[in-house]
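Working through the structure, step by step
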Amino acid sequence: MRVAFIAAEAFPLAKVGGLADVVGSLPLALTKLGLEAEIYLPWYQGIEAKHIGDIEYLFAGQPEAGALGEAWHRGVRVVLLGHPDFQRERLYGYPDDVARFMRFSCMAYQAASGAGILHAHDWHAGLVPVLAHAAGGRQKTVFTIHNLAYQGRWNPGEFLAWSGLPAHYLQLEGLEYRGDASLMKGGIVYAHRVTTVSPSYAREILTPEFGEGLEGLLQKHQHKLRGILNGIDTSYWDPSTDPHLPSRYSANDLSGKTACRAALRTETGFNQEGVVLGVVSRLVEQKGMDQVLEILPPLLRLGCKLVVLGSGEPALEDSFRLAGEKYQGQVFFRSGHNEALAHRIYAGADALLIPPAFEPCGLTQMIAMRYGTPPIARAVGGLKDTIRDGVTGVLYSGGQSANLLAAIERFLRLDQQAMRLAGMRENFSWEYPALEYAAVYGELSTSRVGLTEEPNSPGQRE
Ligand code: ADP
Ligand code: GLC
């Protein structure tokens, strides 16, 4: 069975956050199970790929042509879809993002039409299950929610014009959301199966606190919703082979980790005293970084130091930059995406701080544990499903900065060496999650779902 992953990011070709890690590594795990998996990605500026032909597709009711490229990553085929709209400095953050990714979805739907399963990820590919439904619903579709907070909303008129879909797709049972068309909603309503990236988040999004206004819809479609915990690429994230580290190590011999800790302190201008807390994160509201800033003075009084690698909202970047200047030798901030420094922080910090408002899965806590660095994290979403409180890290409840500070104080009283070793012995590989995805695909390929339903009947799935 051939599965086509359709997504806006895939490591190492295009990465902003964890979506890239998942799309870049799960297909490889699936191929190890005997499935054929390939990735469909916009041909962004700077991606080197072989031009293998052109593709014709419909957008806004007009035939268009785009370039088709091909690249290989560890034996997995990546198909690149070319259009001038993707030739920009960044992946996202433009006023016409919805149009850009609707076009991408139209191209990918056309290019992947021979696949047994179309597996679309997040709102950028949310149009794909809708197009499959409009074509008769025979092609099986899976939609994965990585983050419900980003929904891809646009005005109904242009949405209909660009997609070429009949107007009834904009009914309340279809894509309509508070007067807009929502691509996230399209994926949820029209895919045969909906997954999200941890069992806890699958439950949380059914509630008003985490549902982003879609909790009612998700409750209605709960029968086809499943939480599958993300894995990480354990051959890439491996402290015993990691080329980015000054010294390598394993749970059997932690002396290399001691060297990595010393090297990180030298690199950041810290002395060798006290506990170094690390942050590797997108700097956006979701991630709760304002709380880290709030507790800075008491944290430093406890003898802790802080190293932060992140990029995102300019106001947060400025605050961390100022803190780095004010508390030189105790706070270190580096902005931008820096793969090598991220690895050195995972290896060299004494704990990783993760205080988000919500976290669908989160990968940094798993990477940190694999590197023997216990996470101190709020007990939400995938953090709750991957960290064993007091054993592999510290979990805390409550969204106040005082809760975070109390958790750090608790961490300082715990046996840190025991936690390091326990975290390193956890299995966060894709081996088991990949089996769960294979089961979802298997159910679809044997079921007749979609074959008997009326085309163009929004909301009447299964
Ligand atoms: P999210 O996808 O919400 O950003 P995740 O925890 O799922 O959060 O994944 C974050 C991924 O991005 C991890 O691989 C992490 O190492 C990486 N990352 C985040 N910020 C940076 C950065 N500034 N430099 C390098 N890698 C980063
Ligand atoms: C999203 C979520 C994050 C998750 C990642 C990969 O970016 O915010 O929690 O780990 O997707 O699924």
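Refer to the preceding data block for the structure.
Residues numbered from 1 in each chain as written. Chains lettered and ligands numbered in written order. Predicted model: local features only at pLDDT ≥ 70, side-chain atom pairs only at ≥ 80, totals over all residues. Heavy atoms only, no water.

**Examining the pattern of salt bridges**
Where side chains of opposite charge bring their charged atoms close, a pairing between them can arise. Tallied over the full model, the rule gives 22 salt bridges. Residue Arg103 is joined to Glu64 by a salt bridge in which the shortest nitrogen-to-oxygen separation is 2.9 Å. Of this pair, Arg103 sits in helix H2 (residues 97–111) while Glu64 is found in strand E4 (residues 62–73), placing the two residues 39 residues apart along the sequence. Residues Arg103 and Glu64 agree in their burial class; the two are buried. Arg370 is paired through a salt bridge with Asp238; the nearest N and O atoms lie 3.9 Å apart. Residue Arg370 is located in helix H13 (residues 364–370), and its partner Asp238 is located in the loop between strand E12 (225–227) and helix H8 (255–268); the two are separated by 132 residues in the primary sequence. Relative accessible area serves as the criterion here: at 19%, Arg370 is assigned to the buried category. Overlapping salt bridges bring together Glu64, Asp85, Arg88, Asp96 and Arg103 as one network. (Salt bridge = Lys/Arg side-chain N within 4 Å of Asp/Glu carboxyl O. Helix = DSSP H or I, 4+ residues; strand = E, 2+ residues; numbered from the N terminus. Buried < 20%, exposed > 50% of the residue type's maximum accessible area, 1.4 Å probe, protein only.)

**What about the site of ligand 2?**
The local shell around ligand 2 holds 13 residues, among which His146, Asn230, Glu359, Cys361 and Gly362 are the closest. Note that an oxygen atom of ligand 2 is positioned 3.5 Å from one of the backbone N or O atoms of Pro360. Within the complex, the protein chains bury 94% of what would otherwise be the 310 Å² of accessible surface of ligand 2. Here the shell around ligand 2 is composed, by residue class, of 6 nonpolar, 6 polar and 1 charged. Looking at the shell around ligand 2, you find at least three residues from each of domain 1 (2–231 + 431–445) and domain 2 (255–424). (Near = heavy atom within 4 Å. Polar contact = N/O pair within 3.5 Å; in protein donor to acceptor, adjacent residues only side chain to side chain. Areas by Shrake-Rupley, 256 points an atom, 1.4 Å probe, with all protein chains shown as cover. Nonpolar A, V, L, I, M, F, W, Y, C, P; charged D, E, K, R; others polar. Domains from an automatic or database assignment.)

**A look at the site of ligand 1**
Inspection of the region around ligand 1 gives 20 residues, with Lys15, Gly18, Arg282, Lys287 and Tyr346 positioned closest. One of the side-chain nitrogen or oxygen atoms of Arg282 is found 2.6 Å away from an oxygen atom of ligand 1. One of the side-chain N or O atoms of Lys287 is found 2.7 Å from an oxygen atom in ligand 1. Taking 570 Å² as the accessible area of ligand 1 by itself, protein coverage stands at 93%.

**Structural notes on the sheet that holds strand E3 (residues 50–59)**
Across the sheet, which stays open at both edges, the 9 strands sit in the order E3-E4-E5-E2-E1-E6-E7-E11-E12 with mixed pairing between neighbours. At either end of the open sheet lies a strand with only one pairing partner, and these are E3 and E12. The average angle at which neighbouring strand axes cross in this sheet is 25 degrees, direction not considered. For strand E2 (residues 36–42) and strand E5 (residues 76–82), the ladder comprises 5 bridges, and the chain directions are parallel. Note on E5: the bridge partner recorded for Leu41 is Leu80. Contacts between helix H17 (residues 431–446) and the sheet are confined to strand E1 (2–6), strand E6 (117–121), strand E7 (140–145), strand E11 (193–196) and E12, with E7 contributing the most and set at about 145 degrees to the helix. (Pairing = 2+ DSSP bridges. Axes fitted to C-alpha atoms, helices over the stretch in contact; angles between N-to-C directions. Contact = heavy atoms within 4.5 Å.)

**Looking at helix H4 (residues 156–163)**
Where H4 is concerned, the buried positions are Phe159, Trp162 and Ser163. Projected onto a plane normal to the axis of H4, the buried residues spread over an arc of 90 degrees and lie on a single side. Elements in contact with the buried residues of H4: E3, H2, helix H3 (127–134), strand E8 (153–154), strand E10 (180–182) and helix H5 (183–190). Its side-chain oxygen placed 3.2 Å from the backbone nitrogen of Gly157, Asn155 serves as the N-cap of H4. (Arc of directions from axis to C-beta.)

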